[in-house]
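# Observations on the model geometry
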Amino acid sequence: MRTGKGMSELDVLVVGGGISGLAIAHCLTRSGLTVEVWESDTRVGGKIDTVVKQGYRLESAASMVVNFRSEVDQFLLTAGLQASKRARASHAKRYVLDADRLCELPSGLRDMLGLSLFSRFGKLRLLAEPLVPRGWNPHESVTEFVTRRLGKEFLEKIFEPYVAGLLASDVDLAEARATMPRLTALEERYGSLALGAILKKVCRRGNGARPDVFSFRGGMATLVETLAREGGFRVRRDLRVSQVWPVSNGWMASGVMGDSSRATFSKQLILSTPADAAASLVDHLDAELARLLRTIEYAPVNVVHTGFDRTTITHPLNGSGFLVPRCSGFAPNGCLWMSKLFPDHAPEGQVLLSTYLGGARDPAAANWDATRTLDTVMHMLRVLLGIKVGPEMLHIVSHARALPLYHGAYSQRLAAIDRRLAALPGLYLEANYKGGVSVRDRILRADLMATRILRHRNSVLSNNTRARVPAGMQDMTPASATIR
Ligand SMILES: Cc1cc2nc3c(=O)[nH]c(=O)nc-3n(C[C@H](O)[C@H](O)[C@H](O)COP(=O)(O)OP(=O)(O)OC[C@H]3O[C@@H](n4cnc5c(N)ncnc54)[C@H](O)[C@@H]3O)c2cc1C
């Protein structure tokens, strides 16, 4: 539909074409809404990108999807992505570094009790978990929660490296409820993680949704590029949104595209940018909302991709990689054996190892120069994998703001953000600083967000009421906004 001087009218404008924005746009389009995504970069995908170098396929951020939810399967099906899925190789054992050896990560309680990774005391402490009373502090850190329920050994050997390696977070600062909501929910609901997990497993039997680890033919870029191409919505690239403001019945957004500007009206507006970019856009509407968004910290991460001839590595590489605990003395947080997980990520006879440096545990490491970075990574790979020579391929991806840190009383901060947003009807915030950073969580949240938006739209339609500019906001049109 078009209004005024050739200005298009949209049901929803999504600002930001990362996986969060693209997934929401697809879910809304699927429900019959007219949606556009405006992305400031010349490519879509945000953090997610796949680069090919010397025959290696290199992932900039997410390198796989770990899924156990049928909604994600359904999403991929409607997006035409099921046929492009590439399952992880089946021999995917995972390791954690313990002293100077790689120990297989346990996949269940029975495994844990049999492993030499834990001392006898550590195993007894694990067995006592169902006897531990429920906690009282909703903002407990991961360290407090895991130590209380499972013991210090379990924290140091499993959770600390997991939270640092996968989320770039610091267990001492990360809020348990925001960082691992499924685990804390087990305590809330069943009073015990072990009992809750067993009960959930029994109940889940037969309902079909099985854990699935996969990438896509051509790598993770296929996910975002397919959504942008075939998701049913229009994507405008190289268009940085610089202003948003409420008008009668909806929202205006304007931005810069090359040396021209563009503006549009949409009934509802979703900001799917990182928190600091969202803060700049809402600052003139609600300074407190902007302040809250700016308090969300991000950790820097460098992804160090190294390619080797298989014959130069003595380790059997019979798994998917390893995590590194903070007490190990090695700087990296972990290393993925990418070509073992997905053989099409390296040329025949070659091996791709992707190592992660930085995060909240050691942010300074993400600022090291290439020489120090490579020396640090090679020292670890030499010791642990018996690599004899330097890599034949090196590619470093630097993310200055890689991942949001769910630190402090995080869920309280998100609740405060939601309360302030309630005064700005038709405006939504949705990106990886809310509800999980993984691609799976981004798709699940997109599904939820689409349901919420449709509900809002239907209630407006059925009440035959028109959304109004909130009181006191009639003069929020930025003076500099020119609509062409
Ligand atoms: C190193 C690393 C490894 C990871 N590994 C995994 C993994 O293996 N599996 C997994 O599930 N997850 C993984 N993740 C997490 C996952 O990749 C990210 O959480 C997710 O891609 C973030 O998506 P997003 O859309 O929320 O944000 P982003 O990708 O940051 O997208 C935000 C978009 O908004 C755009 N934007 C910003 N400002 C404006 C503006 N003013 N106007 C228009 N556009 C704007 C940006 O250009 C960007 O495209 C990893 C992340 C990192 C960093």
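The paragraphs below set out a description of the structure included in this document. (Residues numbered from 1 in each chain as written. Predicted model: local features only at pLDDT ≥ 70, side-chain atom pairs only at ≥ 80, totals over all residues. Heavy atoms only, no water.)

## What about the sheet that holds strand S10 (residues 212–216)?
The condition is simple: Strands pair, by our definition, only if DSSP identifies at least two bridges between them. Numbering of helices and strands runs from the N terminus, with a helix taken as a DSSP run of H or I at least four residues long and a strand as a DSSP run of E at least two residues long. Angular values range over 0 to 180 degrees, each being the angle between N-to-C directions of two axes fitted as lines to C-alpha atoms, with helices fitted over their stretch in contact.
Taking strand neighbours across the sheet as the criterion, the three strands line up as S6-S10-S7 in an open arrangement whose pairing is antiparallel. Strands with a single pairing partner mark the edges of an open sheet, and in this sheet they are strand S6 (65–67) and strand S7 (85–87). Between one strand and the next, the sheet's axes are offset by a mean angle of 40°, whatever the strand orientation. Sheet analysis places S7 next to S10, joined by three bridges and oriented antiparallel. The residue of S10 that forms the bridge with Lys85 is Phe216.

## Some thoughts on the state of the cysteines
Worth spelling out the cut-off: To count as a disulfide, a pair of cysteine sulfur atoms needs to be within 2.5 Å. Only protein chains enter the accessibility calculation, which uses a 1.4 Å probe; a residue is then buried when its area is under 20% of its type maximum, exposed when over 50%, and partly exposed in between.
Across all of its chains, the model carries zero disulfides by this definition. No disulfide involves Cys327; its sulfur sits 12 Å from the nearest other cysteine sulfur, which is in Cys103. Exposure remark for Cys327: the relative accessible area of 61% places this residue in the exposed category.

## Structural notes on the sheet that holds strand S16 (residues 321–323)
Here is the rule we go by: Between two residues, a contact is recorded if the distance between any of their heavy atoms is within 4.5 Å.
In space, the seven strands of this open sheet follow the order S9-S8-S16-S17-S18-S15-S19, with mixed pairing throughout. The sheet is open, and its two borders are formed by strand S9 (101–104) and strand S19 (393–404), each paired with just one other strand. Taking each pair of neighbouring strands and ignoring which way they run, the sheet shows an average axis angle of 25°. Relative to strand S17 (residues 334–337), S16 is paired through three bridges, and the arrangement is antiparallel. Along S17, the bridge assignment pairs Gly321 with Leu336. Docked against the sheet, helix H6 (residues 152–167) engages strand S8 (94–98), S16 and S19, running at close to 110° with respect to S16. Sitting on the sheet, helix H14 (residues 370–385) is in contact with S8, S9, strand S15 (298–309), S16, S17, strand S18 (350–358) and S19, with an inclination near 120° to S18.

## A few points about the site of the ligand
Rules: Summary of the distance rule: residues count as near a molecule or strand when at least one heavy atom falls within 4 Å of that molecule or strand. Polar contact is defined as a pair of N or O atoms within 3.5 Å, subject to the rule that within protein one atom must be able to donate a hydrogen and the other to accept it, and that residues adjacent in sequence are counted only when both atoms are side-chain atoms. Note on areas: Shrake-Rupley, 1.4 Å probe, and residue coverage restricted to the protein chains presented here. Under the scheme applied here, ten amino acids are nonpolar (Ala, Val, Leu, Ile, Met, Phe, Trp, Tyr, Cys and Pro), four are charged (Asp, Glu, Lys and Arg), and all others, including Gly, are polar. Boundaries between domains were set according to an automatic or database domain assignment.
Inspection of the region around the ligand gives 33 residues, with Ser20, Glu39, Met64, Val437 and Val439 positioned closest. Contact distances for the ligand include 3.2 Å between an oxygen atom and a backbone N or O atom of Ile19. The separation between a nitrogen atom of the ligand and a polar main-chain atom of Ser40 is 3.1 Å. Here the ligand, which alone exposes 1,000 Å², has 90% of that area covered by the protein. Of all the elements in the fold, those that place two or more residues in the shell around the ligand are helix H1 (19–30), strand S12 (240–247), S19 and helix H16 (439–463). By residue class, the composition of the shell around the ligand is 17 nonpolar, 12 polar and four charged. Taken together, domain 1 (2–46 + 220–296 + 407–463) and domain 2 (50–68 + 85–91 + 297–404) each give at least three residues to the shell around the ligand, which thus spans both.

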